[in-house]
Amino acid sequence: MAADAPQREYLEWAADEAIEAGGAASIWIARPATLTQERELATGMADARAAEYQAVIDQATQATAGYDAPETPGLDVVLRGLSMICDDERILELTGPVFDGLYEYHRRATLIGHDPA
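First, a word on scope: everything that follows refers to the structure included in this document.

The rules behind the values
- Residues numbered from 1 in each chain as written.
- Predicted model: local features only at pLDDT ≥ 70, side-chain atom pairs only at ≥ 80, totals over all residues.
- Heavy atoms only, no water.
- Helix = DSSP H or I, 4+ residues; strand = E, 2+ residues; numbered from the N terminus.
- Rg over C-alpha atoms; globule rule 2.2 N^0.38 Å.
- Buried < 20%, exposed > 50% of the residue type's maximum accessible area, 1.4 Å probe, protein only.
- Contact = heavy atoms within 4.5 Å.
- Areas by Shrake-Rupley, 256 points an atom, 1.4 Å probe, with all protein chains shown as cover.
- Lys, Arg positive; Asp, Glu negative; His and termini not counted.
- Charge placed at Lys NZ, Arg CZ, Asp CG, Glu CD.
- Expected span 1.5 Å × (residues − 1).
- Bend = angle between axes of the 7 residues up to and from the residue.
- Salt bridge = Lys/Arg side-chain N within 4 Å of Asp/Glu carboxyl O.
- Patch = residues over 30% accessible without salt bridge, like charges linked within 9 Å, V, L, I, M, F, W, Y side chains within 5 Å.

### Comments concerning the overall build of the protein
Here is step 1: Within the protein, the regular secondary structure consists of four helices and zero strands.
Here is step 2: Helices and strands appear in the protein in the N-to-C order α-α-α-α.
Here is step 3: For the protein, whose C-alpha radius of gyration is 24 Å, the value lies well above the compact-globule estimate of 13 Å for 117 residues.
Here is step 4: In terms of overall dimensions, the protein has C-alpha extents of about 70 × 35 × 30 Å along its principal axes.
Here is step 5: Each of the 117 residues in the protein was classed as buried or not, and the buried ones make up 5%.
Here is step 6: Taking as baseline every contact in the protein between residues at least 6 positions apart, the subset at least 24 positions apart corresponds to 17%.
Here is step 7: When the accessible surface of the protein is split by element, carbon and sulfur atoms take 59% of a total near 10,100 Å².
Here is step 8: Here the protein contributes 8 positive and 21 negative side-chain charges, whose respective centroids are spaced 2 Å apart.

What follows is the structure, encoded as structure tokens:
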């Protein structure tokens, strides 16, 4: 992490928050002894973050695999459009009844074995 003033201020703020919450925190400033060590450290940290991001991407891909319901593309477009004109709270307000209705429709279809009338 860069040792610039904004980063240090953020770390100090985070330490204060931890202490106020009853925890312990301190800030240590260290420097690699050589440029090679600095590069190795930076590369290792970047590789670790990339692996974490890839794991999230893989989980999201697995979670959405098999969503081939006919309403999926339409809902995706509607939600993307709403995200362009509404804040999150308003989107939840607007879409809550829509998803409740979809849930109920599919719940009833499962119970009776066919699409509800």
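Past the structure itself, the notes keep going.
### Overview of helix H4 (residues 88-112)
Here is step 1: For H4, spanning 25 residues, the distance from its first C-alpha to its last is 35 Å, which sits close to the expected 36 Å at 1.5 Å a residue.
Here is step 2: The principal kink in H4, of about 40°, is found at Thr95, preceding the proline Pro97 by one to four residues.
Here is step 3: Within H4, burial applies to Ile91, Thr95 and Ala109.
Here is step 4: Where H4 is buried, its residues touch helix H3 (72-85).

### Description of the pattern of salt bridges
Here is step 1: One pass over the full model with this rule turns up six salt bridges.
Here is step 2: Linking Arg107 and Glu104 is a salt bridge whose minimum nitrogen-to-oxygen distance equals 2.7 Å. Taken together, the residues Arg107 and Glu104, both in helix H4 and three residues apart, mark about one turn of the helix.
Here is step 3: On the basis of relative accessible area, Glu104 is assigned to the partly exposed category, the value being 23%.
Here is step 4: A salt bridge links Glu104 to Arg108, with the shortest nitrogen-to-oxygen separation between them at 2.6 Å. Placement of both Glu104 and Arg108 in helix H4 is noted, with a separation of four residues, approximately one turn of the helix.

### So, a nonpolar patch on the surface
Here is step 1: Taken together, the side chains of Tyr10, Leu11, Trp13, Ile27 and Ile29 make up a nonpolar region of the molecular surface, amounting to roughly 500 Å² of accessible area.
Here is step 2: A relative accessible area of 46% means that Tyr10 is categorised as partly exposed.

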